[in-house]
Amino acid sequence: MSLRRLMHAHLGDWQNDLPPAWREFFRDCPALDFDLVPEIQVAEEARIWPGRRNSPLPGAPEGANICRAFDNLDPGQVRVLILGQDPYPRLNRATGRAFEDGGWDEANPMVVADSLRRLLQLAAALEYPDLGISEEEDDWDSVRDAMRKEVIAPPATPAFFDAMAAQGVLFLNAAWTFTSSDRAQKKAHLQIWKPVVNHLLRNLARSDQPVVFLLLGEDARKVFCAADPVCNRSAIVDDDHPRSRQFFQRTSPLVRVNQVLTQIGANRIQWWPLQRADAEEHE
């Protein structure tokens, strides 16, 4: 089977998976151009993930779909857009929201994907400064200790990311879908979604709603620059990708986003939105 044929069958009516407000937002968005997909052959059993909203894939996280990032968050409510690159390369982890690890196991809450782990460390360090969690080097052990002692609530999925969406944080990948780590296939997914992502970035940037764009990694910066959005009341914060060795060498990007929000008169983001474990028990 060709990748082009697989993509066309899986994604031809992708907008049907959008919540109503976002369906209107993307109404004038260019259609996906499947002719851009090169003639790449994939196995007959090959799958594209995340799946579709009404056709979940076996083994995928509950609720995973290509438009998951837009759930519980209308266009006019977006205050921060965090731009990543690709879905996780494992079906059981990719949800449709950038960095969200759908493989998070409540029975083993200490194990999370590397990219998310580093973001969570910075979130815990910012929101719980009394715990002494480092913002300058890998210090996941301190975060795990705090969770073990029930000082902070584990970042359960999807509760953690739902709470971020409630604050106006949109976690988006430049490529919304994935089939393989093969370079040509990854490029094809990135290319097919490019006009959709361009439409999103340009329209959010020129809106009257202040939006902070957090670009994590060189790929995210390239995608943003290629869209060439004209910013109205928007701001840009960029950093290395969380997987990068340089990620801890600058002031926390989460701190910088909150500084920008304060400067434009908006409320800061609570980056660890779940309450301490002992407080949750008494709600």
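Trainee: Can you help me understand the overall build of the chain in this one?
Mentor: Looking only at helices and strands, the chain features nine helices and four strands. Its C-alpha atoms give the chain a radius of gyration of 19 Å, within 12% of the compact-globule value 19 Å for 283 residues. Looking at the chain residue by residue over its 283 residues, the buried ones come to 53%. In the chain, the share of contacts with a sequence separation of at least 24, taken over all contacts with a separation of at least 6, comes to 71%.

Trainee: Is there a simple way to think about the layout of surface pockets in this case?
Mentor: Gaps left between atoms show up when a probe the size of a water molecule is rolled over them. Here the largest pocket is characterised by a volume of approximately 740 Å³. Along the wall of the largest pocket there are 31 residues; nearest its centre are Gln85, Asp86, Pro87, Lys186 and Arg243. Here the element with the most residues in the lining of the largest pocket is helix α6 (residues 183-205); it accounts for four residues. For the lining of the largest pocket, the per-class residue count stands at 11 nonpolar, nine polar and 11 charged. By volume, the second largest pocket amounts to about 230 Å³. Surrounding the second largest pocket, Gln85, Ala174, Lys187, Leu190, Gln191, Lys194, Asn198, Asp219, Lys222, Val223 and Ala226 form its lining. Among the elements of the structure, α6 and α7 (218-227) are those that each provide at least two residues to the lining of the second largest pocket. Considered class by class, the residues forming the lining of the second largest pocket number four nonpolar, three polar and four charged.

Trainee: What is the right way to look at the packing of helix α3 (residues 114-127) against helix α8 (residues 253-263) in this model?
Mentor: The description of two helices packed together rests on the angle between their axes and the distance between the axes. Relative to each other, α3 and α8 sit at 55 degrees, their axes nearing to 9 Å. Our classification of the angle between α3 and α8 gives oblique. Residues Leu119, Leu122, Ala123 and Leu126 of α3 pack against Pro253, Leu254, Val255 and Asn258 of α8. Across the contact of α3 with α8, the residue classes break down as seven nonpolar, one polar and no charged.

Trainee: How should I be thinking about the environment of Leu32 in this particular structure?
Mentor: Residue position: Leu32 is located in the loop between α2 (20-25) and β1 (80-84). Assessed through its relative accessible area of 11%, Leu32 is described here as buried. Separated by 163 residues in the primary sequence, Leu32 and Pro195 have C-alpha atoms spaced 7.6 Å apart.

Trainee: Any chance you could explain α6 here in plain terms?
Mentor: Residues spaced three or four apart along an α-helix face the same direction, because each turn holds 3.6 residues. Along its length, α6 reaches its greatest deviation from straightness, about 45 degrees, at Lys194, and the proline Pro195 lies no more than four positions downstream. Of the residues flanking the start of α6, the one acting as N-cap is Asp182, its side-chain oxygen 3.2 Å from the backbone nitrogen of Ala184.

Conventions used here
- Residues numbered from 1 in each chain as written.
- Predicted model: local features only at pLDDT ≥ 70, side-chain atom pairs only at ≥ 80, totals over all residues.
- Heavy atoms only, no water.
- Helix = DSSP H or I, 4+ residues; strand = E, 2+ residues; numbered from the N terminus.
- Rg over C-alpha atoms; globule rule 2.2 N^0.38 Å.
- Buried < 20%, exposed > 50% of the residue type's maximum accessible area, 1.4 Å probe, protein only.
- Contact = heavy atoms within 4.5 Å.
- 1 Å grid on protein atoms, 1.4 Å probe; cavity = no way out; pocket = protein on both sides within 12 Å on 5 of 7 lines; lining within 4 Å.
- Points joined across faces, edges and corners; volume = space filled by probe spheres on them.
- Nonpolar A, V, L, I, M, F, W, Y, C, P; charged D, E, K, R; others polar.
- Axes fitted to C-alpha atoms, helices over the stretch in contact; angles between N-to-C directions.
- Parallel < 35°, antiparallel > 145°, perpendicular 65-115°, else oblique.
- Bend = angle between axes of the 7 residues up to and from the residue.
- Polar contact = N/O pair within 3.5 Å; in protein donor to acceptor, adjacent residues only side chain to side chain.

Purely geometric stuff here, so don't read any function into it on its own.
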